[in-house]
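Chains, contacts and geometry: an overview
This is what each chain is made of:
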Amino acid sequence: MASNPSLVSVETASGKFQQTVTVGKHVFLADEPESFGGTDSGPSPYDLLLAALGSCTSMTMKMYADRKGIALEAVHIVLEHSREHVDDCLSCNNDDNRIDVIDRSIVLQGDLTDEERRKLLEIAEKCPVHRTLENRIDIHTTEVRD
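Note that the structure is a prediction, hence the values are computed from the model and not measured. (Residues numbered from 1 in each chain as written. Predicted model: local features only at pLDDT ≥ 70, side-chain atom pairs only at ≥ 80, totals over all residues. Heavy atoms only, no water.)

**A look at the pattern of salt bridges**
A full pass over the atoms with the stated rule returns nine salt bridges. Here Lys119 makes a salt bridge to Glu122, at a shortest N to O gap of 2.8 Å. Residue Lys119 and its partner Glu122 are both found in helix H2 (residues 114-124); the two are separated by three residues, about one turn of the helix. For Lys119, a relative accessible area of 22% translates into the label partly exposed. Exposure remark for Glu122: the relative accessible area of 28% places this residue in the partly exposed category. Linked through salt bridges whose partners overlap, the residues forming this network are Glu115, Arg118, Lys119, Glu122 and Lys126. (Salt bridge = Lys/Arg side-chain N within 4 Å of Asp/Glu carboxyl O. Helix = DSSP H or I, 4+ residues; strand = E, 2+ residues; numbered from the N terminus. Buried < 20%, exposed > 50% of the residue type's maximum accessible area, 1.4 Å probe, protein only.)

Below you can see the structure in the form of C-alpha coordinates.
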(Lines give C-alpha, C1' and ligand atoms only; values in the text may rest on other atoms or scores of the structure.)
Protein backbone atom coordinates (compact mmCIF):
# COMPACT_ATOMS: atom_id res chain seq x y z
CA MET A 1 0.00 0.00 0.00
CA ALA A 2 2.39 2.73 1.20
CA SER A 3 5.20 2.62 -1.38
CA ASN A 4 6.14 6.27 -0.77
CA PRO A 5 8.49 6.21 2.27
CA SER A 6 6.82 9.34 3.67
CA LEU A 7 3.39 7.68 3.70
CA VAL A 8 2.10 5.41 6.42
CA SER A 9 -0.67 2.94 5.67
CA VAL A 10 -2.69 1.27 8.43
CA GLU A 11 -5.21 -1.51 7.82
CA THR A 12 -7.43 -3.60 10.06
CA ALA A 13 -5.89 -7.00 10.79
CA SER A 14 -7.14 -9.85 12.95
CA GLY A 15 -8.34 -9.59 16.53
CA LYS A 16 -10.14 -6.77 18.25
CA PHE A 17 -7.45 -4.08 17.84
CA GLN A 18 -4.64 -5.51 15.68
CA GLN A 19 -3.53 -3.35 12.74
CA THR A 20 -1.05 -3.92 9.92
CA VAL A 21 1.21 -0.88 9.53
CA THR A 22 3.16 -0.29 6.33
CA VAL A 23 5.85 2.38 6.17
CA GLY A 24 7.72 2.23 2.87
CA LYS A 25 9.19 -1.29 2.74
CA HIS A 26 8.63 -1.92 6.47
CA VAL A 27 5.56 -3.87 7.62
CA PHE A 28 4.70 -4.53 11.27
CA LEU A 29 1.76 -4.99 13.59
CA ALA A 30 0.26 -2.53 16.05
CA ASP A 31 -2.06 -3.75 18.77
CA GLU A 32 -3.20 -3.10 22.31
CA PRO A 33 -1.96 -5.07 25.32
CA GLU A 34 -4.02 -8.00 26.57
CA SER A 35 -5.06 -5.91 29.59
CA PHE A 36 -6.92 -3.58 27.17
CA GLY A 37 -8.48 -6.42 25.15
CA GLY A 38 -5.82 -6.76 22.47
CA THR A 39 -3.49 -9.65 21.73
CA ASP A 40 -0.26 -7.70 22.40
CA SER A 41 1.06 -8.66 18.95
CA GLY A 42 2.74 -5.29 18.44
CA PRO A 43 3.31 -1.91 20.01
CA SER A 44 0.29 0.17 20.99
CA PRO A 45 -0.42 3.52 19.31
CA TYR A 46 1.04 5.37 22.30
CA ASP A 47 4.11 3.09 22.24
CA LEU A 48 4.62 4.11 18.62
CA LEU A 49 4.25 7.79 19.50
CA LEU A 50 6.85 7.47 22.26
CA ALA A 51 9.14 5.48 19.94
CA ALA A 52 8.92 8.29 17.36
CA LEU A 53 9.91 10.89 19.94
CA GLY A 54 12.67 8.76 21.46
CA SER A 55 14.24 7.74 18.17
CA CYS A 56 14.11 11.28 16.79
CA THR A 57 15.64 12.66 20.00
CA SER A 58 18.49 10.16 19.93
CA MET A 59 19.15 10.68 16.20
CA THR A 60 19.17 14.47 16.60
CA MET A 61 21.56 14.36 19.55
CA LYS A 62 23.92 11.93 17.79
CA MET A 63 23.88 13.98 14.58
CA TYR A 64 24.72 17.14 16.54
CA ALA A 65 27.49 15.39 18.49
CA ASP A 66 29.05 14.00 15.29
CA ARG A 67 28.92 17.41 13.62
CA LYS A 68 30.50 19.15 16.63
CA GLY A 69 33.09 16.45 17.35
CA ILE A 70 31.55 15.60 20.74
CA ALA A 71 32.54 12.16 22.05
CA LEU A 72 28.97 10.91 22.46
CA GLU A 73 29.18 7.11 22.31
CA ALA A 74 25.54 6.19 22.90
CA VAL A 75 22.18 7.57 23.95
CA HIS A 76 19.60 5.61 25.96
CA ILE A 77 16.13 7.13 26.30
CA VAL A 78 13.18 5.87 28.35
CA LEU A 79 9.80 7.49 27.76
CA GLU A 80 6.46 7.25 29.54
CA HIS A 81 3.08 8.76 28.69
CA SER A 82 0.55 9.76 31.33
CA ARG A 83 -2.28 12.19 31.87
CA GLU A 84 -2.51 14.78 34.60
CA HIS A 85 -5.68 16.47 35.72
CA VAL A 86 -5.17 20.09 36.63
CA ASP A 87 -7.70 22.15 38.57
CA ASP A 88 -6.81 25.45 36.95
CA CYS A 89 -5.64 24.76 33.42
CA LEU A 90 -5.51 27.87 31.26
CA SER A 91 -4.02 26.09 28.24
CA CYS A 92 -6.14 22.94 28.25
CA ASN A 93 -8.09 22.29 25.06
CA ASN A 94 -10.55 19.84 26.62
CA ASP A 95 -13.41 20.07 29.08
CA ASP A 96 -11.92 17.89 31.80
CA ASN A 97 -8.70 19.92 32.27
CA ARG A 98 -6.52 17.01 31.19
CA ILE A 99 -2.91 17.47 30.14
CA ASP A 100 -1.02 14.71 28.36
CA VAL A 101 2.49 14.37 29.79
CA ILE A 102 5.52 12.61 28.33
CA ASP A 103 8.39 11.94 30.72
CA ARG A 104 11.68 11.46 28.87
CA SER A 105 14.79 10.25 30.71
CA ILE A 106 18.06 10.46 28.78
CA VAL A 107 21.33 8.68 29.55
CA LEU A 108 24.35 10.04 27.66
CA GLN A 109 27.38 7.77 27.37
CA GLY A 110 30.84 9.01 26.51
CA ASP A 111 33.64 11.19 27.82
CA LEU A 112 31.54 14.37 27.94
CA THR A 113 32.04 17.65 29.73
CA ASP A 114 29.23 19.21 31.74
CA GLU A 115 28.88 21.85 29.01
CA GLU A 116 28.59 19.20 26.27
CA ARG A 117 25.95 17.37 28.31
CA ARG A 118 24.02 20.60 28.81
CA LYS A 119 24.16 21.39 25.09
CA LEU A 120 23.08 17.86 24.10
CA LEU A 121 20.06 18.08 26.42
CA GLU A 122 19.25 21.46 24.89
CA ILE A 123 19.44 19.87 21.41
CA ALA A 124 17.06 17.11 22.58
CA GLU A 125 14.38 19.80 22.93
CA LYS A 126 14.88 20.71 19.26
CA CYS A 127 14.31 17.35 17.59
CA PRO A 128 11.66 17.64 14.85
CA VAL A 129 9.18 15.23 16.48
CA HIS A 130 9.49 17.08 19.81
CA ARG A 131 8.72 20.35 18.05
CA THR A 132 5.77 18.79 16.21
CA LEU A 133 4.27 17.46 19.43
CA GLU A 134 4.59 20.87 21.10
CA ASN A 135 2.99 22.69 18.17
CA ARG A 136 -0.67 22.96 17.45
CA ILE A 137 -1.54 20.03 15.23
CA ASP A 138 -4.40 20.12 12.73
CA ILE A 139 -5.47 16.74 11.39
CA HIS A 140 -7.45 16.76 8.14
CA THR A 141 -9.56 13.64 7.54
CA THR A 142 -10.99 12.70 4.15
CA GLU A 143 -13.08 9.64 3.36
CA VAL A 144 -11.94 7.83 0.23
CA ARG A 145 -14.49 5.43 -1.16
CA ASP A 146 -13.49 2.29 -3.05
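**Observations regarding helix H1 (residues 45-68)**
For H1, which comprises 24 residues, the first-to-last C-alpha distance of 35 Å matches the rise-based estimate of 34 Å (1.5 Å per residue) to within 8%. Taken together, the buried positions of H1 are Leu50, Leu53, Gly54, Cys56, Thr57, Thr60, Met61, Tyr64 and Ala65. Just past H1, the residue Gly69 takes up positive phi, approximately 70 degrees. (Expected span 1.5 Å × (residues − 1).)

**A word on the sheet that holds strand S1 (residues 8-12)**
Sheet architecture is open: three strands sit in the order S1-S2-S3, paired in antiparallel fashion. Edge positions in the sheet fall to S1 and strand S3 (26-30), since each of these pairs with one other strand and no more. For this sheet, the mean inter-axis angle between neighbouring strands, taken without regard to orientation, is 20 degrees. (Pairing = 2+ DSSP bridges. Axes fitted to C-alpha atoms, helices over the stretch in contact; angles between N-to-C directions.)

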